[in-house]
Number of protein chains: 2
Amino acid sequence: YFSETSLGAPCPINGLPIVRNISDLPQDNYGRPGLSHMTVAGSVLHGMKEVEIWLQTFAPGSETPIHRHSCEEVFVVLKGSGTLYLAETHGNFPGKPIEFPIFANSTIHIPINDAHQVKNTGHEDLQVLVIISRPPIKIFIYEDWFMPHTAARLKFPYYWDEQCIQESQKDEL
Amino acid sequence: YFSETSLGAPCPINGLPIVRNISDLPQDNYGRPGLSHMTVAGSVLHGMKEVEIWLQTFAPGSETPIHRHSCEEVFVVLKGSGTLYLAETHGNFPGKPIEFPIFANSTIHIPINDAHQVKNTGHEDLQVLVIISRPPIKIFIYEDWFMPHTAARLKFPYYWDEQCIQESQKDEL
Ligand SMILES: [Zn+2]
Ligand SMILES: [Zn+2]
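Attention in this report is confined to the structure presented alongside it. (Residues numbered from 1 in each chain as written. Chains lettered and ligands numbered in written order. Predicted model: local features only at pLDDT ≥ 70, side-chain atom pairs only at ≥ 80, totals over all residues. Heavy atoms only, no water.)

## Topic: the sheet that holds strand β10 (residues 126-133) of chain B
For the record, the criterion: In this scheme, strands are said to pair when DSSP sees at least two bridges between them. Every helix listed is a DSSP run of H or I at least four residues long, and every strand listed is a run of E at least two residues long, numbered separately from the N terminus. To define axes, lines are fitted to C-alpha atoms, for helices over the stretch in contact only, and angles between the resulting N-to-C directions are given on a 0 to 180 degree scale.
Taken together, 6 strands build an open sheet; the order of strands is β1(A)-β8(B)-β5(B)-β10(B)-β3(B)-β2(B) and the sheet is antiparallel. The open sheet has two edge strands, β1 (19-21) of chain A together with β2 (35-41) of chain B, and neither has a second partner. Strand-to-strand twist across the sheet, computed as the mean angle between neighbouring axes with direction ignored, equals 20°. Note: β2 of chain B against strand β3 (residues 51-58) of chain B, 6 bridges, orientation antiparallel. Note on β3 of chain B: the bridge partner recorded for A41 of chain B is I53 of chain B.

## Some remarks on the sheet that holds strand β2 (residues 35-41) of chain A
The 6 strands lie next to each other as β2(A)-β3(A)-β10(A)-β5(A)-β8(A)-β1(B), forming an open sheet whose pairing is antiparallel. Looking along the sheet, the strands with just one partner apiece sit at the ends: β2 of chain A together with β1 (19-21) of chain B. Direction aside, neighbouring strands of the sheet carry axes that sit 20° apart on average. Bridge analysis of strand β5 (residues 73-79) of chain A against strand β10 (residues 126-133) of chain A gives 6 bridges, and the strand direction is antiparallel. Within β10 of chain A, the residue paired with V76 of chain A across the bridge is L129 of chain A.

## Overview of the coordination of the zinc ion (ligand 1)
Residue and element names in this part refer to chain A. What counts, and what does not: Coordinating N, O and S atoms are those within 2.8 Å of the metal (3.2 Å for Na, K and Ca), and as water is not part of the atoms, a site may appear to have fewer donors than expected. A four-donor site is called tetrahedral if each angle lies between 85 and 135 degrees; a four-donor site is square planar, and a six-donor site octahedral, when trans pairs exceed 155 degrees and the remaining angles lie between 65 and 115; all other cases are labelled irregular.
Coordination sphere of the zinc ion (ligand 1), protein contribution only: H67 (NE2), H69 (NE2), E73 (OE) and H116 (NE2), at 2.1 to 2.2 Å. Each of the 4 donor atoms around the zinc ion (ligand 1) contributes to a set of angles spanning 85 to 168°, which defines the coordination as irregular. Donor residues for the zinc ion (ligand 1), ordered by position in the chain, follow H-x1-H-x3-E-x42-H.

## Here we look at unusual backbone geometry
Excluding glycine, residues mostly carry a negative phi; peptide bonds, for their part, are mostly trans. To keep things clear, this is the line we draw: For every residue, the accessible area (1.4 Å probe, protein chains only) is compared with the maximum for its type, and the residue is labelled buried under 20%, exposed over 50%, or partly exposed between those bounds.
P135 of chain A connects to P136 of chain A through a cis peptide bond whose omega is -5°. Assignment of secondary structure puts P136 of chain A in the loop between β10 and β11 (139-142). Cis geometry is found at the peptide bond from F156 of chain B to P157 of chain B, where omega equals -5°. Structurally, P157 of chain B can be placed in the loop between β12 (153-155) and α2 (162-172). A positive phi angle, close to 70°, is found at N113 of chain A, a residue other than glycine. Its place among the elements puts N113 of chain A in the loop between β8 (106-110) and β9 (115-119). Since its relative accessible area comes to 31%, N113 of chain A is described here as partly exposed.

## A short note on the layout of surface pockets
Rules: In the cavity and pocket records, a cavity denotes points on a 1 Å grid over the protein atoms alone where a 1.4 Å probe fits but cannot get out, a pocket denotes an open set with protein on both sides within 12 Å along at least 5 of 7 lines, and lining residues are residues with an atom within 4 Å of a point. Grid points are joined across faces, edges and corners, and a volume is the space filled by probe spheres set on the points. Here the nonpolar group is Ala, Val, Leu, Ile, Met, Phe, Trp, Tyr, Cys and Pro; Asp, Glu, Lys and Arg are the charged ones; every other residue, Gly included, is treated as polar.
Within this model, the largest pocket holds a volume of roughly 210 Å³. L16, H46, G47, M48 and K49 of chain A together with E72, E73, H109, I110, P111 and I112 of chain B are the residues that line the largest pocket. Class assignment for the residues of the lining of the largest pocket results in 5 nonpolar, 3 polar and 3 charged.

## Side note on the interface of chain A and chain B
Rules: Should any heavy atoms of two residues lie within 4.5 Å, those residues are considered in contact. Once two parts are put together, the accessible area they lose, assessed with a 1.4 Å probe and summed over both, is termed the buried area. A side-chain nitrogen of Lys or Arg and a carboxyl oxygen of Asp or Glu constitute a salt bridge if their distance falls within 4 Å. For the purposes of these results, a polar contact is taken to be a pair of N or O atoms within 3.5 Å, where, inside protein, one atom must be able to donate a hydrogen and its partner to accept one; residues adjacent in sequence count only when each atom of the pair is a side-chain atom.
Facing 41 residues of chain A, the contacting portion of chain B comprises 41 residues. Of the roughly 3,600 Å² buried between chain A and chain B on both sides combined, carbon and sulfur atoms contribute 69%. The interface formed by chain A and chain B contains 2 salt bridges. Taken together, the connections running from chain A to chain B amount to 18 residue pairs in polar contact (both at pLDDT 80 or more). Among the secondary structure elements, those contributing two or more residues to the side of chain A that touches chain B are β1, β2, β3 (51-58), β5, β6 (81-87), β7 (98-103), β8 and β10 of chain A. Broken down by element, the residue count for the side of chain A that touches chain B peaks at 5 residues, all from β7 of chain A. For the side of chain A that touches chain B, the per-class residue count stands at 27 nonpolar, 7 polar and 7 charged. In terms of strand pairing, β8 of chain A meets β1 of chain B through 3 bridges, oriented antiparallel. Paired with S106 of chain A across the two strands is N21 of chain B, which belongs to β1 of chain B.

## Side note on the pattern of salt bridges
Residue and element names in this part refer to chain A. Throughout the structure, instances matching the rule amount to 6 salt bridges over all chains. In this structure, K155 and E162 form a salt bridge, with 2.9 Å as the shortest nitrogen-oxygen distance. The exposure class of K155 is buried, given its relative accessible area of 12%. Residue classification places E162 among the partly exposed positions, given a relative accessible area of 27%.

## Remarks on the coordination of the zinc ion (ligand 2)
Residues and elements named next belong to chain B. Every protein donor of the zinc ion (ligand 2) is accounted for by H67 (NE2), H69 (NE2), E73 (OE) and H116 (NE2), and the metal-donor separations fall at 2.1 to 2.2 Å. Classification of the site at the zinc ion (ligand 2) rests on its 4 donor atoms, whose angles at the metal span 85 to 167°, yielding the label irregular. Counting the intervening residues between successive donors of the zinc ion (ligand 2) yields the motif H-x1-H-x3-E-x42-H. Overall, the relative accessible area of 2% leaves H69 in the buried class. E73 gets classed as buried once you look at its relative accessible area, which sits at 4%.

None of the figures reported here should be taken as evidence of function without further support.
What follows is the structure, given as structure tokens:
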């Protein structure tokens with residue numbers, strides 16, 4: 001069950017320890033200012049097939065892209081506060097989103113395929129645990145709330161899956 | 001998006017608010033001494049189809065049954081410490097389990113179909129966030145580690161799903 005070398009490696013899919021110290025997991029902003037992302041249990045990284053869990057911290061003012069996905073997503077807010085922007089995607093574009101305050105000890109579920117954005121609109125770090133189904137995540141990104149759904153750009157693999165999906169694809173060549 | 005009445009109800013599948021205060025969710029021991037269970041986002045309760053999330057607190061000495069399931073399961077330990085007992089189910093019965101210390105800020109994944117048990121072997125409350133796939137959960141329970149797999153008893157619906165699965169089944173009659 002144990003592996004001495006895999007935990008800190010970027011793509012430790014083999015020999016994953018059953019119990020892992022979250023503090024030892026790789027942490028990066030993956031090119032997104034103000035973000036700290038850790039994949040707590042992941043598909044590409046750890047071989048999960050049905051669920052994936054992230055621990056993310058957003059510095060004040062930082063945010064996710066405006067995006068949608070067909071998988072289920074649940075947030076559990078551990079620290080801080082912020083705003084969820086959520087648009088019902090029943091027209092040709094997301095449109096002006098509804099704003100929901102989010103706060104420590106709240107939970108949020110995102111309706112499938114609805115465009116949304118989470119932003120730290122507070123004054124301290126916003127820390128969330130994020131659970132998604134059917135990993136690895138396939139995300140469609142919008143530049144603004146009035147971009148047509150058909151123009152949203154598929155970002156796959158997503159930032160934190162990029163390195164390991166590429167490495168495993170290279171291995172197959 | 002809002003419902004004034006559904007949040008505290010036992011089976012609030014309709015009109016589920018997007019953002020919910022975890023402190024307002026129903027909490028019970030469901031007949032298990034030392035347990036506090038909350039379904040943060042659930043299948044039977046909330047209409048989730050692919051993932052389900054629980055917040056559970058185990059008093060010192062309390063534990064899960066010895067059990068297995070074919071869904072994926074990940075624990076994130078928020079507070080306290082304890083022990084994970086895990087048996088590889090490659091014979092006719094689980095057999096003597098391996099013991100893994102678990103602790104605040106650790107994460108644990110349970111290999112599919114392996115018999116396991118989580119116990120608070122520490123001196124303070126053990127609080128965990130539990131993520132499972134393919135809800136509602138179907139659990140096979142063992143009376144001890146040497147009970148044959150074929151004798152394990154299917155407990156479905158599970159304790160916290162019982163009331164609402166029965167109510168929805170009644171509705172269909
Ligand atoms: Zn999302
Ligand atoms: Zn389990």
